[in-house]
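Commentary on secondary and tertiary structure
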Amino acid sequence: MPSLVIIGAGPRGTGILERIAANAPGLLAGAGLDLHLVDPCPPGGGRIWRHDQSPLLWMNSMAEDVTMYTDASVRAEGPVRPGPSLSQWAARVRAGTLPAPADPATAAEAHALTGRSFAGRRLQSAYLRWVYEQAVAALPPEVTVHEHRRRALRVSGPRDGRQSVWLEGRRAPLPADLVVLALGHLPSAPDARQDALARFAVRHRLAYLPPDFTADSDLSALRPGEPVIVRGFGLAFVDLMVLLTEGRGGTYATGPGGDPVYRPSGREPVLHVGSRRGVPYRSKIGYDLRGERPPLPRFFGPAEAAALRDRPGPLDFHRDVRPLAEKELGFAHYHRLFTAHPERTRMPWPAFEERYAARAPGSAGLLALVAAAVPDPADRLDLAALDHPLAGRRFAGADALQDGLRAHIRADLDRRHDPRHSPDLAVFLGLLSVYGQLAGLGDTGPWWHGFFSYLASGPPGPRLRQLLALSRAGVVRFLGAGTTVTPDEEHGLFLARSESAPGVVTGARALVEARLPPPSVARSLDPLLRSLHPEAATTPAGLLAVSPADGRVLDRDGRPHPRRFALGPHTDARANGAFARPGTNAPAFRQNDATARAALSFLRAVAGRTGPGRTGPGREAATARAHH
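Residues numbered from 1 in each chain as written. Predicted model: local features only at pLDDT ≥ 70, side-chain atom pairs only at ≥ 80, totals over all residues. Heavy atoms only, no water.

Regarding empty space enclosed by the protein
Per the counting criterion, the structure on display carries 6 cavities of 30 Å³ or more. Around the largest cavity, the lining residues are Y435, L438, A439, G442, D443, T444, G445, W448, H449, L543, D572 and R574. Secondary-structure elements contributing two or more residues to the lining of the largest cavity are helix 13 (423-438) and helix 14 (446-456). A per-class count over the lining of the largest cavity returns 5 nonpolar, 4 polar and 3 charged. By volume, the second largest cavity is sized at about 50 Å³. Around the second largest cavity, the lining residues are L209, P210, D212, T214, S217, A236, L240, V512, E513 and A514. (1 Å grid on protein atoms, 1.4 Å probe; cavity = no way out; pocket = protein on both sides within 12 Å on 5 of 7 lines; lining within 4 Å. Points joined across faces, edges and corners; volume = space filled by probe spheres on them. Helix = DSSP H or I, 4+ residues; strand = E, 2+ residues; numbered from the N terminus. Nonpolar A, V, L, I, M, F, W, Y, C, P; charged D, E, K, R; others polar.)

Concerning the nonpolar core
Ranked by internal contacts, the top residues of the largest apolar core, which has 66 residues, are V230, F237, L431, W448 and L467. Ignoring any residue separated from it by four or fewer positions in sequence, one finds F237 in contact with V230, G232, L271, V273, L467 and A514. Formed by 54 residues, the second largest nonpolar core is a distinct cluster that contains L27, V136, L567 and L603. (Core = buried A, V, L, I, M, F, W, Y, C linked by side-chain atoms within 4.5 Å. Buried < 20%, exposed > 50% of the residue type's maximum accessible area, 1.4 Å probe, protein only. Contact = heavy atoms within 4.5 Å.)

Details of the pairing of strand 17 (residues 510-513)
Side chains of strand 17 alternate between two faces, with A510 and V512 and L511 and E513 buried alike. Across 3 bridges, strand 8 (residues 207-209) lies against strand 17 in parallel orientation. Of the residues in strand 17, the one forming a bridge with Y208 is L511. (Pairing = 2+ DSSP bridges.)

With respect to the sheet that holds strand 13 (residues 476-480)
In space, the 5 strands of this open sheet follow the order 8-17-9-12-13, with parallel pairing throughout. Because the sheet does not close on itself, it has two edges, and the strands there are strand 8 and strand 13. Averaged over all pairs of adjacent strands, the angle between their axes in this sheet comes to 20°, without regard to strand direction. Of the pairings in the sheet, the one linking strand 9 (residues 227-231) to strand 17 comprises 3 bridges and is parallel in character. (Axes fitted to C-alpha atoms, helices over the stretch in contact; angles between N-to-C directions.)

As for the confidence of the model for the protein
On average, residues of the protein score 94 in pLDDT, and 96% of them are at 70 or above. For residues 612-625, every residue scores under 50 in pLDDT, and the model assigns this stretch 27 contacts once sequence neighbours within four places are set aside. (pLDDT = per-residue confidence, 0-100.)

Notes on the environment of L206
The residue L206 is located in the loop between helix 5 (192-203) and strand 8 in this model. Considered as a pair, L206 and A221 are 15 residues apart in the sequence and their alpha carbons are 8.7 Å apart. With near-sequence residues (within four places) excluded, L206 lies in contact with F200, A201, G492, L493, F494 and R509.

A few points about the packing of helix 8 (residues 317-340) against helix 13
Helix packing for two helices is described by the angle between their axes and how far apart those axes are. With their axes 8 Å apart at the nearest point, helix 8 and helix 13 run at an angle of 145° to one another. Relative to helix 13, the crossing made by helix 8 is right-handed. Residues F317, V321, A325, E328, L329, A332, H333, R336 and L337 of helix 8 touch helix 13, and the partners they reach there are P423, A426, V427, G430, L431, S433, V434 and L438. Tallied by class, the residues present in the contact of helix 8 with helix 13 amount to 12 nonpolar, 3 polar and 2 charged. (Left-handed = near helix turned anticlockwise from the far one by under 90°.)

As structure tokens, then:
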């Protein structure tokens, strides 16, 4: 019987399994299949979304914006199989039509959840587990699922023959006619700079925490009351902030004006946080888009992406791709401004659109058009100012910097929760649209991913209100933009400086790199991924190169491997997340479907070459999970 091994049973592996279940009746044609799922963590949530993490940690998307199921917007060959979003699943739990999570606290959260809630990660883990179980139950009776709660160490085998998947603690490998790597975020070895800081910390008995998934970091070395330099102001910082404050017994009360007031436990360190931008990721938008949606894609759609793929030679993101992305984002912004807020413009939308289409992004003609048609500069889209809000700003000292950053965060919160600024939401939709086109272009470099995350994947508004409360309480201190950290051998301290307050230096015995390690095949600490490096092609950024058509791993000569597939953040086919916002034709769904269909077609051919498959097991045997 043919054998398929999926390595990684988190959201990506679960999504692929769901697509296999949807496509198998039409493509397997009754052939039997042994389907092996390999992951040391429970399937569904995997490592990042496992239940076993702090209940204080949240998702950064509203429950109504999270789904694992395809809908009518998804442009894929396979059948659409609708299913509930996270909020719809919780509603069914409340109604009693679906079983509640076993954990009482998680069940209580499900009953309290609304579409506008930011769910805890434990609740998302329960949703993902349910999705996984539904996918297994939907498989044809000829498919038998085997779970292996082990780590995969390596894959071996010839290009034209069966593969062997070697597991930790198991002598004999799993035989596989086809292997799919659905690995999530993985730890990486430190780069030269991080290694030097780690060795400095050892020499002086300091605490240095390299990039990691914050929920897995050992924070015990960060001592109460002591300063801690934190480099990174994104979602990893938010998790760190939560675990070192509420996680250590601090609480929030409501102040006279309704703002939260932090009440320390006395066990918190003092967090001195800075980054390249010097500000936190932008708040999640807190209102719905009403009225006409921008008709996207407009300037960067499938035709433009196909033309980029067909160009000879490597793509240069800033030369070839960025102008299209900026033109698309500008179109989304101004379409919304002119159609929803026409009183703030000086010409009809059709006239502006015609002239906008004829002008190059960033050109003097485009800038003149916008200046003539949009009188208030605050209504004009300035991507550079959005990306670097502190550029050129210099504060007189550390205290002035705190006031300035608090004002920036308050202004961001006000704007992102005020529908008068609804062009911001249109730009968010533009970002999603552009990301959907970039998914098939390979490794486009780190800039876009960071920019997208900063604008579109920021923290919930309540988290930024907590950050303000922690700043007022002195538990968080802002360092500013262009933060650099250097070791001071003489005094045995880490020293932090920034461009925002020249002359202000912060010394500390602890340094935390608050970010996930960048994915790299060569530096990965995962033995399976690292073992592929000698034979698989990688991009200049160190990602695993795969075929944009179906995710087949490319060898050093650029040939797709017939029996190995890979999807996820370690590849150049990475989409932004394994689950998606409903109604957005999410690239993860398209990738999962293409891989599942290619795999099933290959496995059906294998079954035909080896003769008729044996009679499939009954439904109970097919959906039973054997633990090995």
